[in-house]
Amino acid sequence: MEDKRAKADKLALQKWVSQFQSHMAHASKAIVAMETLLDFIKGTKAETLSEMVDSLQALSEMLIECAGIMFTSVRSACELFMRMITVEVRFGDSFESCRENLIANGVKIVEKAKAGQKRIAPKGAPFIRDGATVLTHSRSRTVEAVLLEAASKNKRFSVFVTESRPSRLGAQMAEALHKHGIPVTLIPDTAVALVMEQVDFVIVGAEAVVESGGVINTTGTLNVAMVAKTLNIPFYVVAQSFKFVRMFPLNQSDLPATLVTKDIMSPSASVTASKSFEFPVATLVPDTSAMEDSEGGDKAISQLNPVLDYTPANFVTLLFTDLGILTPSAVSDELIKLYL
């Protein structure tokens, strides 16, 4: 009986998951997730506070699960949303009164998250001077906002964008900047060291910022950071505070994930993480044309295309956030403020 009820509850929540999926391609997944949770509170048919909180938690888990390979910011945003909406709520009040308070708090949180990108752009833009050459890796809407803010101040600068294979998110970033008239050059990931001596600074986004001030971001970020450090080029990170996560990795192996690799030649080839994982360290994107041997069909070379990597704090110069311009060491203090 309980299994049937659980299935029915999950089916009822699927409506909100579908809403999340339809909107996440056009905005930050983390912000869309918070909006979805807020809309659920507004439209819930729950009759008790505990029932609504349980459903919110279940919905959060479903949103995280369907957020795709870049789910870390969604998880962090959901955790922060669930924590912040209960601030100043008097749980002894009637259910309807509590629900109204939760909605009011939720609206403030979502509005603050949406405004965060606008608050970051003016902080990062002054670091871009006339005639500067900037390098960025992969695609970040917040990095894009910083660059557009600088361009709106009539600053003349150019941007190198890494292609960011296999996702080619960097190509999307280059197209977006080009549409706004910013001189941009798309380069292969392997050319980072070659062009770095022409660069004034590197600026990247982050999928997550950990307690040490290090960042988890699209694979290749660490490569870029290491080259920048070697040539004494500043390495800046832009991220909203809802991407701050309570985690303290020391190296790549500290990104907890249990990976099971399927047959690379199978149409369903992928890397699957166990339900206990926190970060999907890798996925497989097979290129079957390159994998077949001369006799045709048999697999010859296995292929692994990591999705995320970890860049330690010692490679990060500054972080531009909605909380201000931070040194890596200041992140732990801000996390304490967020979660206490």
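In what follows, the structure referred to is the one given above.
Conventions used here
- Residues numbered from 1 in each chain as written.
- Predicted model: local features only at pLDDT ≥ 70, side-chain atom pairs only at ≥ 80, totals over all residues.
- Heavy atoms only, no water.
- Phe/Tyr/Trp six-rings, centres within 6.5 Å; stacked < 30°, edge-to-face > 60°.
- Helix = DSSP H or I, 4+ residues; strand = E, 2+ residues; numbered from the N terminus.
- Buried < 20%, exposed > 50% of the residue type's maximum accessible area, 1.4 Å probe, protein only.
- Pairing = 2+ DSSP bridges.
- Axes fitted to C-alpha atoms, helices over the stretch in contact; angles between N-to-C directions.
- Contact = heavy atoms within 4.5 Å.
- Salt bridge = Lys/Arg side-chain N within 4 Å of Asp/Glu carboxyl O.
- Core = buried A, V, L, I, M, F, W, Y, C linked by side-chain atoms within 4.5 Å.
- Parallel < 35°, antiparallel > 145°, perpendicular 65-115°, else oblique.
- Left-handed = near helix turned anticlockwise from the far one by under 90°.
- Nonpolar A, V, L, I, M, F, W, Y, C, P; charged D, E, K, R; others polar.
- Disulfide = S-S within 2.5 Å.

**As for the packing of aromatic side chains**
Next up, step 1: Under the criterion given, the structure shown has 5 aromatic pairs.
Next up, step 2: Pairing Phe-127 with Tyr-236 gives two aromatic rings, centres 5.4 Å apart and planes at 70 degrees, and the pair type is edge-to-face. Highlighted residues: Phe-127 in the loop between helix H5 (95-124) and strand E1 (132-136) and Tyr-236 in strand E7 (residues 235-238), separated in sequence by 109 residues.
Next up, step 3: Here Phe-127 falls in the partly exposed class, since its relative accessible area comes to 31%.
Next up, step 4: Each ring, one from Tyr-236 and one from Phe-320, has its centre 5.2 Å from the other, and the planes form 40 degrees; the classification is tilted.

**Remarks on the sheet that holds E1**
Next up, step 1: Pairing within the open sheet is mixed, and its 7 strands lie in the order E3-E2-E1-E4-E7-E13-E14. The open sheet has two free edges, formed respectively by strand E3 (184-187) and strand E14 (324-326), since each of these has just one partner strand. Sheet twist, expressed as the mean angle between neighbouring strand axes with direction ignored, is 25 degrees.
Next up, step 2: Lying over the sheet, helix H7 (residues 169-179) contacts E1, strand E2 (157-162) and E3, oriented at roughly 160 degrees with respect to E2.
Next up, step 3: Packed onto the sheet, helix H9 (residues 221-230) meets E1, strand E4 (201-204) and E7 and runs at close to 145 degrees relative to E7.

**A short note on the pattern of salt bridges**
Next up, step 1: Evaluation of the coordinates by the stated rule reveals 11 salt bridges.
Next up, step 2: The salt bridge partner of Asp-322 is Arg-119, with a shortest N-O separation of 3.6 Å. Of the two residues, Asp-322 is situated in the loop between strand E13 (318-321) and E14 and Arg-119 in helix H5; the sequence distance between them amounts to 203 residues.
Next up, step 3: One salt bridge in this structure joins Arg-139 and Glu-144, with 3.2 Å as the shortest N-O distance.
Next up, step 4: Classification of Glu-144 by relative accessible area gives buried; the value is 12%.
Next up, step 5: Bridged by salt links that share partners, the residues Glu-163, Arg-165 and Arg-168 form one connected network.

**Looking at the nonpolar core**
General note: in soluble globular proteins, nonpolar side chains tend to be found buried as a group.
Next up, step 1: Among the nonpolar cores identified, the biggest contains 71 residues, and Phe-20, Met-34, Phe-81, Val-202 and Phe-235 are the most heavily contacted of them.
Next up, step 2: No other element matches helix H2 (residues 29-43), which puts 9 residues into this core.
Next up, step 3: Filtering out sequence-adjacent residues up to four positions away, Met-34 remains in contact with Ala-77, Phe-81, Ile-109, Val-110, Ala-113 and Phe-242.
Next up, step 4: Val-143, Val-159, Met-173 and Ala-174 belong to the second largest nonpolar core, which has 22 residues in total.

**Some points on the packing of H2 against helix H4 (residues 72-84)**
Next up, step 1: One can describe the packing of H2 onto H4 by two numbers: an axis separation of 8 Å at closest approach and a directional angle of 40 degrees. Overall, the two elements H2 and H4 adopt an arrangement that is oblique. Seen along the crossing, H2 lies across H4 with a hand that is right-handed. Residues Lys-29, Ala-30, Ala-33, Met-34, Leu-37, Leu-38 and Ile-41 of H2 form the contact with H4, whose participating residues are Ser-73, Val-74, Ala-77, Cys-78 and Phe-81.
Next up, step 2: When grouped by side-chain class, the residues that make up the contact of H2 with H4 number 10 nonpolar, 1 polar and 1 charged.

**Focus on the state of the cysteines**
Next up, step 1: Under the defined criterion, the tally for this structure stands at 0 disulfides.
Next up, step 2: Take Cys-78: it sits in no disulfide, and the sulfur closest to it among the cysteines is that of Cys-66, at 9.6 Å.

**Notes on the pairing of E13**
Next up, step 1: Taking every second residue as pointing to the same face, both faces of E13 are buried, with Leu-318 and Phe-320 on one and Leu-319 and Thr-321 on the other.
Next up, step 2: Relative to E13, E7 runs parallel, the two being bridged by 3 bridges. Following the sheet pairing, Val-238 is matched in E13 by Phe-320.
Next up, step 3: Both E13 and E14 contribute to a ladder of 3 bridges, which runs antiparallel. Looking at the pairing, Leu-319 lines up with Leu-326 of E14.
Next up, step 4: The antiparallel pairing of E13 with E14 creates a hairpin that spans 2 residues between the two strands.

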